[in-house]
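# Per-entry structural report
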Amino acid sequence: MAVPGEASVDESHVGENKTPPGRYWKEKQEEGKDGQQTEQTLQQKKKKKQKAKKRKQKEDQRDGKKFISGKSDPFPGPAPIPEDRVQKFKRKDKIKKPPHQHYKLRDVIARSEEASEMAQKQAARFDLLLPEDAGFLEGDEDEDTCTISQEDIAGAVDITSGAKYFNLKLPQFGPYRLDYSKTGRHLLLGGRRGHVSCIDWQSKQLMCEINVMESVNDVKWLHSETMYAVAQKKWLYIYDSNGIELHCIRKFNDVLRMQFLPYHFLLATASATSFLQYLDVSVGKEVAAICTKTGRLDVMCQNPHNAIIHLGHHNGTVTLWSPNQKEALVKMLCHQGGVRSVTVDKTGTYMVTSGMDKKLKVFDIRTFKPLKSYFLPAGASSLSLSQRGLLSAATGDIVQVYRDVWSTPVTKPYMAHRVRGTAWGLHFCPFEDVLGVGHGEGFTSMLVPGAGEPNFDGLDANPYRSAKQRQEWEVKALLEKIQPELISLDPSELGRVDHATFEQRHQDRVQALGFDPLAKEKFVPKYKKKGRSSAGNVEKRKKQVAHEDQRDVIRKTVEDKMKMEKEKKQREKKAAVLSNQRSALDRFKK
Amino acid sequence: MQRGPSESLLHQHMASVLSSLSVCPLSLCRIMKVKVLSRNPDDYVRETKLDIQRVPRNYDPTLHPFEVSREYTRALNATKLDRVFAKPFLASLDGHRDGVNCMAKHTTSLSTLLSGSCDGEVRVWNLSKRECGRTLQAHEGFVRGMVVRFCGTSFFTVGDDKTIKQWKMETPGYGEEEEPLNTILGKTVFTGLDHHRKDAVFATCGQQVDIWDEQRSSPIRSFTWGVDSFSSVSFNPVETELLASCASDRSIVLYDMRESAPLKKVIMTMRSNTLCWNPMEAYYFTSSNEDYNLYTYDMRYLDRPITVHMDHVSAVLDVDYSPTGKEFVSASFDKTVRIFPKDGGHSREVYHTKRMQHVICVKWSADNKYILSGSDEMNIRLWKANASEKLGVLAPRERESRNYSQKLKEKFQHHPQIRRITHHRHLPKNVYHQSKELRIMKEARRRKYANVRKHSKPGTVPVVSEKAKHVVTVVK
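Position numbers for residues start from 1 in each chain and track the written sequence from start to end. Going through the entries in the order they are written, you letter the chains from A and number the ligands from 1. Restriction of local features to residues with pLDDT of at least 70 applies here, the model being predicted, together with a cutoff of 80 or more for giving and counting side-chain atom pairs; totals for whole chains, interfaces and linings are based on all residues. Side-chain measures here rest on the full set of heavy atoms in the structure, leaving out hydrogens and waters.

### Things to note about the overall build of chain B
Secondary structure elements follow DSSP: runs of H or I no shorter than four residues count as helices, runs of E no shorter than two count as strands, and numbering proceeds from the N terminus. Along its length, chain B carries six helices and 31 strands. Atoms counted for the radius of gyration: C-alpha only. Globule rule: 2.2 Å times residue count to the power 0.38. Scaling as 2.2 N^0.38, a compact globule of 476 residues should have a C-alpha radius of gyration of about 23 Å, whereas chain B reaches 33 Å, well beyond that. With the C-alpha coordinates of chain B rotated into their principal frame, the extents come out at 120 × 80 × 45 Å. What makes two residues a contact is simply this: any of their non-hydrogen atoms within 4.5 Å. Counting only contacts in chain B whose residues sit at least 6 apart along the sequence, the fraction spanning at least 24 positions is 48%. Approximately 24,100 Å² of chain B is accessible, and the part contributed by carbon and sulfur atoms is 53%. Across chain B, the centroid of the 72 positively charged side chains sits 10 Å from that of the 55 negatively charged ones. A 1.4 Å probe and the Shrake-Rupley method give the accessible areas. Residues count as covered only by the protein chains that appear here. The sign given to each residue is positive for Lys and Arg and negative for Asp and Glu; His and the chain ends receive no count. For the purpose of locating charges, the reference atoms are NZ of Lys, CZ of Arg, CG of Asp and CD of Glu.

Here is the structure:
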């Protein structure tokens, strides 16, 4: 039972408008209450506004579930995802909604956008749970990481990782070219004087070793570790992992460099006779043979993003090739003097070249513009980019690794290592922090922390796959082999609307029909009853519509004008800022 | 499971410092932090052979280049496989001794089908066993119409002998006579029949449209509208009191059972044979027309059809909607069965065999999986509604992959190569040539009209759309 005195203090349940009769002893409290009430009403008003705002917000609010106990969820709604992760999986920007009359299209677009957003969020969530972290190397405060020796690193890390630093002393048949398989498990070495061997390099197990008794120009794994191609003195040969010669391809002669396009099953070869040839290894047919007419082709790399082949030439140009065109897609003058090495990063954004002018240059190959230029005193003979964007450059017998060559101006290498002979081939091992260096005295496997992608995708390249899994993967990969016709500078072009063809077809249709089916229909006022369709009324309605149309046009032109003006102002501002800066020559002015 | 990310903080002895080449000799004691990728194989390899293989995923787009081209290739493969596995014909039910004139779906049992032939015989089929369960001589002359009562215990037939008969669905016991429950003798020949969805009322058509109570022997209502004969009648599945019929004066007439006069009619350029209501959006109905086309109308706006469905090269005889209301099937005199999307102008599928003659009646099964067609040469054929579908229960992974390829096909459907493959169908020679001829004729007409338009005073010759062409008038 409540005491009557207390009851009067309690809030009445009757209604908010009814204020209890005034009592002198309660004055102060009343005031306080009034304040509270106004706050409450304010809040209510706010709530009403929010209600009117959007259904979506309401749903968000509803997510904060109320329990019977009166508690509320301290973390309402779905768990937040870091913005940068979501950004990582973003494929494209949102489309502008079509006008209301295309309601079906609107609906379709809304649905597909919703689905892609959900997929993006899910992928971002999943990304948080990936098990492995990338490697790193940090020195003391005032110490350069490039002074840390390989032995120190190998000694500091665990035994399995330490065992990944090793030297193979093969002075007899050197210098060596090398290639890692797509999964990073297998290593292929090809010595200049005919020695070819493949090794499961992590377990140090020799798979096969042969001497082809001929000079070897280049070696390359094909799609899996069961087959590899060797460019020998005269022809191109294919061997299997037991060292048995499978094919001798006489159509491909004097091959100097090779690249394998794994999703197209194409082996691209560049020859001393300036031919760029493509071999489809799934059917064994030559897809294209292009005479580049640029002399000996001994600098070659592929763009892993769009399967375009980059060739470096003696006159300092780099040319881009696809099998569908007899001419180069792009010719870039990159160096004064010949190009010594070219490499392209995983995302297909940056190209790094080194030339006889001892320069190392970084290009943005979306815009074909130079970004950075470095001077290396010795010049880099071969380059290689890792999955996480580390650049290795071989200068004589020293291998240097650089970090962030395109974003920040680099002054010091990230790591450096001296190998025994002149470096001949460089290759980062995929999914490992390892850089393979083939040189005159054999092969060196270096530890480069932070080079490899820590988390692999089991359906794409799985270093731990079994033979059965490999077979299954092979079948799947062959089924979705991309046709060479689809190679183009922009690989996402296939997913876009072809406006040019549409316009052409529309024109043809207009010609055939004699009228434009998509033209805006002339406004015909609806017939209305009860005398509302008098001539005057009809005319009025017509005028209204015409007026609206005109307003739209005017609005658009005004917007355009505003935009132009804004741009102009900005330009002027920039110019003003530039002119305000004092130049060194200003002191001569009077 | 423990993995060894070898992150170590390390103090090294002077000796080891001096032994390494690249270390500057001044720093005697050094601290460095290093971590190298080192995976524990136990996390990536299955533990025993009885486990399934582990497949760690990383959805990073940079690890999956060429995603559009790869998806396109997958879509292309899926489309090709679709054509490879397109084997729609399942079975032929033979037994009738004359052409199959009408069929009726059972309202409650999926496996039962009734068919009536031109010699007055009615057969009840068991579709799962693919055999005839019961045969009865229902009428003298044609069985014109047949319908199963909504409860599924009995069915009605009408025939050329001017009778309406009601039959039990159950097979009569041993020694019992095969006799109708009820027989009504009408004055004129009946040509069609449909039953109300909920009440004990049915409608017949002949010289007029009659509404019958099951308990009475005379119609409770008769509708005429200056026409001499009707070819079919059909109740609306949702607004159950509404019905529509096709008349021989090229009109489609709508009625309300509660009113004494018909609601309205649309007169077209050619006669409609049958019509079927869309079971999901019941304000739409589709009629099969003698001018080789089908027309979908909105019953509220009869002045022009919503869609004109063209592809047949001869008169369309029957039409039936799928239970989802997304597609319908049509039977034609050109010996083919076609499946149309409800809002598409052209068919997505055509079924034909060498032996199938003029298809007179067609039904879409209530589980949306099968199509039944009855034709002139006395057979009923069972088809898959989706030609390349795998029958039977799908494993989850199978279903997943099917859904995925379905989505891909949808995504890339407008790419020329994929469209070419999906649209390609082998056609019988005469159908192929006839459709070509029709196309040429149509093109010539269009060209002529365009020329007339071009050379006459602007505004005098209007542009008439394909939809508006076939409607003569709407009468209310």
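### Quick notes on the pairing of strand β28 (residues 359–364) of chain B
For β28(B), a buried count of six out of six residues is recorded, marking the element as mostly surrounded by other parts of the structure. What sits between β28(B) and strand β29 (residues 370–375) of chain B in their antiparallel hairpin is a turn of five residues, with B:Asn368 showing a positive phi close to 65°. Classification of residues uses two cut-offs on accessible area relative to the type maximum, computed with a 1.4 Å probe and protein chains only: under 20% is buried, over 50% is exposed, and between them is partly exposed. Strand pairing requires that DSSP identify at least two bridges connecting the strands.

### Details of the UniProt feature "domain: BING4 C-terminal" (unreviewed entry) in chain A
UniProt positions are given in the numbering used here, feature names are shortened, and annotations may be inferred rather than shown by experiment. The UniProt feature table records "domain: BING4 C-terminal" (unreviewed entry) at residues 413–491 of chain A. Split by type, residues 413–491 of chain A is 16% helix and 28% strand. Its first and last C-alpha atoms lie 33 Å apart.

### As for the UniProt feature "repeat: WD" (unreviewed entry) in chain A
On the UniProt side, "repeat: WD" (unreviewed entry) is annotated at positions that read residues 332–373 of chain A here. A distance of 15 Å separates the end C-alpha atoms of residues 332–373 of chain A, which is 0% helix and 60% strand.

### Section: the interface of chain A and chain B
It is common to give the size of an interface as the accessible area that goes away when the parts come together. Between chain A and chain B, the residue contacts involve 70 residues of the former and 53 residues of the latter. Buried area between chain A and chain B, both sides added, is near 5,500 Å², and the carbon and sulfur share of it is 55%. Salt bridge, as used here: a side-chain nitrogen of Lys or Arg that lies within 4 Å of a carboxyl oxygen of Asp or Glu. On the surface where chain A and chain B come into contact, there are seven salt bridges. Between A:Asp460 and B:Arg70 there is a salt bridge; the shortest N-O distance is 3.7 Å. Throughout this description, a polar contact denotes any pair of N or O atoms lying within 3.5 Å of each other; where both atoms belong to protein, one of them has to be capable of donating a hydrogen while the other can accept it, and for residues adjacent in sequence the pair is counted only when both atoms sit in side chains. At the junction of chain A and chain B, the tally comes to 22 residue pairs in polar contact (both at pLDDT 80 or more). The dominant element in the side of chain A that touches chain B, judged by the number of residues it contributes, is helix α5 (residues 103–128) of chain A, at four residues. Classifying every residue of the side of chain A that touches chain B by side-chain character gives 30 nonpolar, 19 polar and 21 charged. Here strand β1 (residues 136–138) of chain A pairs with strand β2 (residues 31–35) of chain B via three bridges, running antiparallel. By the bridge assignment for β2(B), A:Leu137 is matched with B:Val34. A simple way to read buried area is as the amount of 1.4 Å-probe accessible surface that goes missing from two parts once joined, with both sides added. In this classification, Asp, Glu, Lys and Arg are treated as charged, Ala, Val, Leu, Ile, Met, Phe, Trp, Tyr, Cys and Pro as nonpolar, and every other residue, Gly included, as polar.

### Looking at the nonpolar core
The biggest cluster of nonpolar side chains holds 37 residues, and the ones touching the most others in it are A:Ile153, A:Val401, A:Leu435 and A:Val448. At the level of elements, α6 (150–156), β3 (176–180), β4 (186–191), β25 (398–402), β27 (423–428), β28 (434–439) and β29 (442–447) of chain A together with β2 of chain B are the ones that each hand at least two residues to this core. Not counting the four nearest positions on each side in its chain, A:Val448 is found in contact with A:Leu390, A:Val401, A:Tyr414, A:Met415, A:Phe428, A:Asp433, A:Val434 and A:Leu435. By size, the runner-up hydrophobic cluster in this structure holds 33 residues, among which are A:Leu261, A:Ala268, A:Ile308 and A:Ala328. Only buried residues count toward a nonpolar core. Its members are Ala, Val, Leu, Ile, Met, Phe, Trp, Tyr and Cys residues joined through side-chain atoms within 4.5 Å.

### Thoughts on the sheet that holds strand β19 (residues 339–344) of chain A
All names here are of chain A. Sheet architecture is open: four strands sit in the order β19-β20-β21-β22, paired in antiparallel fashion. Among the strands making up the open sheet, the edge pair consists of β19 and β22 (369–375). Across the sheet, the mean angle separating the axes of adjacent strands is 20° when strand polarity is ignored. Only C-alpha atoms enter the line fits that serve as axes; for helices the fit covers just the stretch in contact. Angles between N-to-C directions range over 0 to 180 degrees.

### Regarding the confidence of the model for chain B
Residue and element names in this part refer to chain B. pLDDT is a residue-level measure of predictor confidence that goes from 0 to 100. For chain B, the average pLDDT comes to 90, and 94% of its residues sit at 70 or higher. Under a pLDDT of 50 for its full length, residues 1–29 has, in the predicted model, 51 contacts with residues more than four places off or in other chains. Interface confidence for the predicted complex, given as ipTM, is 0.80, next to a pTM of 0.82.

### Observations concerning the domain arrangement of chain B
Per the domain assignment, the segments making up chain B are domain 1 (67–86 + 396–423) and domain 2 (89–387). The split into domains, and so the bounds of each, comes from an automatic or database assignment of domains. For domain 1 of chain B versus domain 2 of chain B, the separation of C-alpha centres amounts to 36 Å.

### Let's talk about helix α3 (residues 396–411) of chain B
For α3(B), which comprises 16 residues, the first-to-last C-alpha distance of 22 Å matches the rise-based estimate of 22 Å (1.5 Å per residue) to within 8%. Against the buried residues of α3(B) lie α2 (67–84) of chain B. Here the expected span of a helix is defined as 1.5 Å times the quantity of residues minus one.

### What to know about α5(A)
Every α-helical turn comprises 3.6 residues, leaving residues that sit three or four positions apart pointing alike. Residues and elements named next belong to chain A. Between its first and last C-alpha atoms α5 spans 38 Å; for 26 residues at 1.5 Å apiece the expected length is 38 Å, and the two agree. Those residues of α5 lying buried are Ile-109, Glu-113, Gln-120, Ala-123, Ala-124 and Asp-127. Where the residues of α5 are buried, they touch α4 (83–88).

### Quick word on the packing of aromatic side chains
What describes a pair of aromatic rings is the distance from one ring centre to the other and the angle between the planes of the rings. Classification of ring pairs rests on two measures: the distance between centres of Phe, Tyr or Trp rings, Trp counted by its six-membered ring, which must be within 6.5 Å, and the angle between planes, read as stacked under 30 degrees, edge-to-face over 60 and tilted in between. The final tally for this structure, using the stated rule, is 24 aromatic pairs over all chains. Taken together, a centroid distance of 5.2 Å and an interplanar angle of 10° make the contact between A:Tyr464 and B:Tyr44 stacked. Taken as a pair, A:Tyr464 in the loop between β29 and α8 (467–479) and B:Tyr44 in the loop between β2 and α2 lie in two separate chains rather than in one. A single burial state applies to A:Tyr464 and to B:Tyr44, both of which are buried.

### Focus: the UniProt feature "repeat: WD" (unreviewed entry) in chain B
All names here are of chain B. Under the UniProt annotation, the feature "repeat: WD" (unreviewed entry) is placed at residues 93–135, 309–340 and 352–393. End C-alpha atoms of residues 309–340 are separated by 7 Å, and the span's content is 0% helix alongside 56% strand. Across residues 352–393, the secondary structure splits into 0% helix and 43% strand, with the terminal C-alpha atoms separated by 27 Å.

### What about unusual backbone geometry?
The omega torsion across A:Gly174 and A:Pro175 is -20°, close enough to zero to call that bond cis. Mapped onto the fold, A:Pro175 is located in the loop between β2 (166–169) and β3. Despite not being glycine, A:Phe368 shows a phi value in the positive range, around 60°. Here A:Phe368 lies in the loop between β21 (359–364) and β22. Taking the relative accessible area as the measure of exposure, A:Phe368 reaches 29% and is therefore partly exposed. Even without a glycine there, the phi angle at B:Lys335 is positive, about 70°. Given a relative accessible area of 28%, B:Lys335 falls into the partly exposed group.

### Focus on the pattern of salt bridges
Taken as a whole and judged by the stated rule, the model has 50 salt bridges over all chains. Among the ionic pairs, A:Glu432 bridges to A:Lys164, the shortest N-O distance being 2.9 Å. In this pair, A:Glu432 sits in the loop between β27 and β28 while A:Lys164 sits in the loop between α7 (159–162) and β2, placing the two residues 268 residues apart along the sequence. Grouping residues by exposure puts A:Glu432 and A:Lys164 together as buried. Ionic pairing is found between A:Glu286 and A:Lys251, a salt bridge with its closest N-O pair at 3.6 Å. Within this pair, whereas A:Glu286 is found in strand β14 (residues 285–291), its partner A:Lys251 is found in strand β10 (residues 245–253), the two being separated by 35 residues in sequence. One network of salt bridges, in which partners are shared, links A:Lys182, A:Asp460, A:Glu480, B:Arg70 and B:Arg74.

### Notes on the sheet that holds strand β3 (residues 89–94) of chain B
Residues and elements named next belong to chain B. Strands sit in the order β3-β30-β29-β28 across an open sheet of four strands; the sheet is antiparallel. Every interior strand has two partners, whereas the edge strands, β3 and β28, have only one. Across the sheet, the mean angle from the axis of one strand to that of its neighbour is 20°, orientation sign disregarded. Here five bridges tie β28 to β29, and the two strands are oriented antiparallel to one another. Counterpart to Val-362 in the pairing with β29 is Ser-373.

### Observations concerning the side chain of A:Glu453
Mapped onto the elements, A:Glu453 comes out in the loop between β29 and α8. Excluding residues within four positions of it along the chain, A:Glu453 makes contact with A:Lys346, A:Gln387, A:Arg388, A:Phe431, B:Leu37, B:Arg39, B:Asn58 and B:Leu63.

### Here's the deal with the packing of α2(B) against α3(B)
All names here are of chain B. Packing of α2 against α3 brings their axes to within 9 Å, and their N-to-C directions diverge by 105°. Taken together, α2 and α3 sit at an angle that is classed as roughly perpendicular. Residues Glu-71, Arg-74, Ala-75, Ala-78, Thr-79 and Asp-82 of α2 lie in contact with α3, whose contacting residues are Tyr-404, Ser-405, Leu-408, Lys-409 and Lys-411. Broken down by class, the residue content of the contact of α2 with α3 amounts to four nonpolar, two polar and five charged. The labels follow the angle: roughly parallel below 35 degrees, roughly antiparallel above 145, roughly perpendicular from 65 to 115, and oblique for the rest.

### Looking at the environment of B:His433
If you trace the backbone, B:His433 turns up in helix α5 (residues 429–454). Separated by 120 residues in the primary sequence, B:His433 and B:Val313 place their C-alpha atoms 9.6 Å from one another.

### Details of a nonpolar patch on the surface
Residues and elements named next belong to chain A. Nonpolar side chains (Val, Leu, Ile, Met, Phe, Trp, Tyr) within 5 Å and like charges within 9 Å form the patches, drawn only from residues with over 30% relative accessible area and no salt bridge. Among the surface-exposed residues, Ile-554, Val-558 and Met-562 lie close enough to one another that they form a single nonpolar patch of about 290 Å² accessible area. Relative to the elements of secondary structure, Met-562 occurs in helix α10 (residues 535–580). Classification of Met-562 as exposed rests on a relative accessible area of 56%.

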